[in-house]
Amino acid sequence: MSASSEKTGAVPPLLHMAGIHKTFGSVAALRGLEVSIQAGELVTVVGPSGCGKSTLFNIVAGLDEPDPGGILRFEDRSCHASELLGRVSFMPQRDLLLPWRTVIDNAILAIEIEGTPRAEARAQALRMLPEFGLSGFENQYPHQLSGGMRQRVALMRTFLFKRDLMLLDEPFGALDALTRTLMQRWLLDVWQKHRRTILFITHDVDEALFLGDRVLVMTARPGAVKLVQPVDLPRPRRPELLTDPEFIRLKRVLLEAIEEESMKSFQAADVRPAG
Ligand SMILES: Nc1ncnc2c1ncn2[C@@H]1O[C@H](COP(=O)(O)OP(=O)(O)O)[C@@H](O)[C@H]1O
Ligand SMILES: [Mg+2]
């Protein structure tokens with residue numbers, strides 16, 4: 001159940017969290033969460049809705065403090081969550097494109113806030129456009145784009161803000177199945193080229209397996225890590241992988257774990273009628 005990082009020996013994890021609790025008033029969102037991420041890994045996170053996935057990301061992004069007492073280490077040094085602010089790039093669950101900014105100006109938002117002069121930031125973003133499938137769209141506004149394109153703009157913003165750890169919170173959750181598949185393959189290409197460490201939340205088990213080096217399954221709320229599943233499937237990952245016997249075996253393991261937790265959260269859910 002505990003992270004496999006201890007086995008890797010010499011190389012300390014990029015991120016290590018243990019005994020992380022988070023309560024919101026009377027709601028326990030996380031209880032005793034433990035996570036270790038090695039540099040260069042793509043780790044996916046699945047779990048029942050409301051189990052604390054976004055809360056975990058907010059803590060890692062430095063936007064929220066866990067309750068006192070947990071262990072939080074980044075780049076092999078103990079730190080407070082607040083010290084992670086600006087050290088991690090974060091794509092929140094909603095894409096948060098500003099409707100009055102063009103594609104290019106949305107893409108540069110984070111590095112512009114950070115102090116990169118606008119002309120230089122735009123030049124950097126322009127070079128990245130083709131790779132994100134956005135060539136020729138730099139002066140469009142978000143409402144003129146398809147859902148997949150909007151997500152690529154938000155991802156481009158996250159990639160431009162170069163940090164050792166990238167957090168992606170259900171980036172493809174709102175896309176149709178075909179677009180989602182294309183975006184997954186595209187993300188793997190971009191990831192392999194840029195060599196980033198990625199923590200990726202999804203509620204789609206196929207997506208978690210297709211992308212991940214490891215899959216973390218979270219328990220029902222209060223969230224902890226129920227299972228860390230290594231995914232020893234070859235890369236580059238091809239679409240045919242989804243029907244590979246090993247893929248299907250792993251999928252069954254994950255689905256069983258998730259279902260067990262979903263049942264718990266369903267039984268514990270507040271099912272009283274409103275009003
Ligand atoms: N800022 C907050 N204030 C109060 N409760 C919160 C806050 N953020 C999250 N929660 C609660 O914590 C639990 C976990 O939420 P969240 O992390 O968003 O779950 P997930 O992303 O896994 O769906 C939920 O019960 C949610 O209502
Ligand atoms: Mg969430």
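About the cut-offs
Residues numbered from 1 in each chain as written. Chains lettered and ligands numbered in written order. Predicted model: local features only at pLDDT ≥ 70, side-chain atom pairs only at ≥ 80, totals over all residues. Heavy atoms only, no water. Near = heavy atom within 4 Å. Polar contact = N/O pair within 3.5 Å; in protein donor to acceptor, adjacent residues only side chain to side chain. Helix = DSSP H or I, 4+ residues; strand = E, 2+ residues; numbered from the N terminus. Nonpolar A, V, L, I, M, F, W, Y, C, P; charged D, E, K, R; others polar. Donors = N, O, S within 2.8 Å, 3.2 Å for Na, K, Ca; no water. Buried < 20%, exposed > 50% of the residue type's maximum accessible area, 1.4 Å probe, protein only. Pairing = 2+ DSSP bridges. 1 Å grid on protein atoms, 1.4 Å probe; cavity = no way out; pocket = protein on both sides within 12 Å on 5 of 7 lines; lining within 4 Å. Points joined across faces, edges and corners; volume = space filled by probe spheres on them. Domains from an automatic or database assignment. Buried area = accessible area lost by both parts, 1.4 Å probe. Contact = heavy atoms within 4.5 Å. Salt bridge = Lys/Arg side-chain N within 4 Å of Asp/Glu carboxyl O.

1. Topic: the site of ligand 1
Point 1. Taken together, Phe-24, Ala-29, Ser-49, Gly-50, Cys-51, Gly-52, Lys-53, Ser-54, Thr-55 and Arg-221 make up all the residues around ligand 1.
Point 2. With respect to ligand 1, the backbone of Gly-52 contributes an N or O atom lying 3.0 Å from an oxygen atom.
Point 3. Here an oxygen atom of ligand 1 and a backbone polar atom of Lys-53 are 2.8 Å apart.
Point 4. The leading source of residues in the shell around ligand 1 is helix α1 (residues 53-60), at three residues.
Point 5. Here the shell around ligand 1 is built from residues that sort into three nonpolar, five polar and two charged.

2. Let's talk about the coordination of the magnesium ion (ligand 2)
Point 1. Each protein donor to the magnesium ion (ligand 2) is listed here as Ser-54 (OG) and Gln-93 (OE1); together their distances run 2.2 to 2.6 Å. Of this pair, Ser-54 sits in helix α1 while Gln-93 sits in the loop between β6 (88-91) and α2 (103-107), and the two are 39 residues apart along the sequence.
Point 2. Its relative accessible area of 38% is what places Gln-93 among the partly exposed residues.

3. Notes on the sheet that holds strand β1 (residues 15-24)
Point 1. An order of β2-β1-β4-β5 is seen for the four strands of this open sheet, with the pairing classed as antiparallel. Two strands in the sheet have a free side with no partner beyond their single neighbour: β2 (27-37) and β5 (77-78).
Point 2. Both β1 and β2 contribute to a ladder of seven bridges, which runs antiparallel. Bridging from a neighbouring strand, Phe-24 pairs with Val-27 of β2.

4. Description of the layout of surface pockets
Point 1. Taken as a whole, the largest pocket encloses approximately 450 Å³ of empty space.
Point 2. As for the largest pocket, its lining consists of 19 residues, and the residues nearest its centre are Phe-90, Pro-92, Ala-110, Arg-157 and Phe-161.
Point 3. Going through the elements one at a time, β6, α3 (109-113) and α5 (147-160) are the ones with two or more residues in the lining of the largest pocket.
Point 4. Here the residues of the lining of the largest pocket sort into 13 nonpolar, three polar and three charged.
Point 5. Looking at which domains feed residues into the lining of the largest pocket, each of domain 1 (4-87 + 165-268) and domain 2 (95-162) supplies at least three.

5. Quick notes on the domain arrangement of the protein
Point 1. Each assigned domain of the protein is listed with its residue range as follows: domain 1 (4-87 + 165-268) and domain 2 (95-162).
Point 2. For domain 1 and domain 2, the distance between their C-alpha centres works out to 25 Å.
Point 3. Carbon and sulfur atoms make up 72% of the area that domain 1 and domain 2 hide from each other, which totals about 1,200 Å².
Point 4. If you sort the residues of domain 1 by the area they bury against domain 2, Met-183, Trp-186 and Arg-196 come out on top, with a joint share of 38%.

6. Description of the side chain of His-16
Point 1. Residue placement: His-16 occurs in strand β1.
Point 2. Polar contacts involving the side chain of His-16 include one to the side chain of Ser-36, which spans 2.6 Å.
Point 3. If we ignore the near neighbours within four places in the chain, the residues touching His-16 are Glu-34, Val-35, Ser-36, Ile-71, Leu-72 and Arg-73.

7. Notes on the pattern of salt bridges
Two side chains of opposite charge can pair, provided their charged atoms sit close to one another.
Point 1. Enumeration over the complete set of coordinates arrives at 17 salt bridges.
Point 2. For Glu-260, the salt bridge identified is with Lys-226, shortest N-O distance 2.9 Å. Here Glu-260, found in helix α8 (residues 245-268), pairs with Lys-226, found in strand β10 (residues 225-230); they are 34 residues apart in sequence, far enough to count as distant.
Point 3. A single salt-bridge network, built from bridges that share partners, covers Lys-226, Glu-260, Glu-261 and Lys-264.

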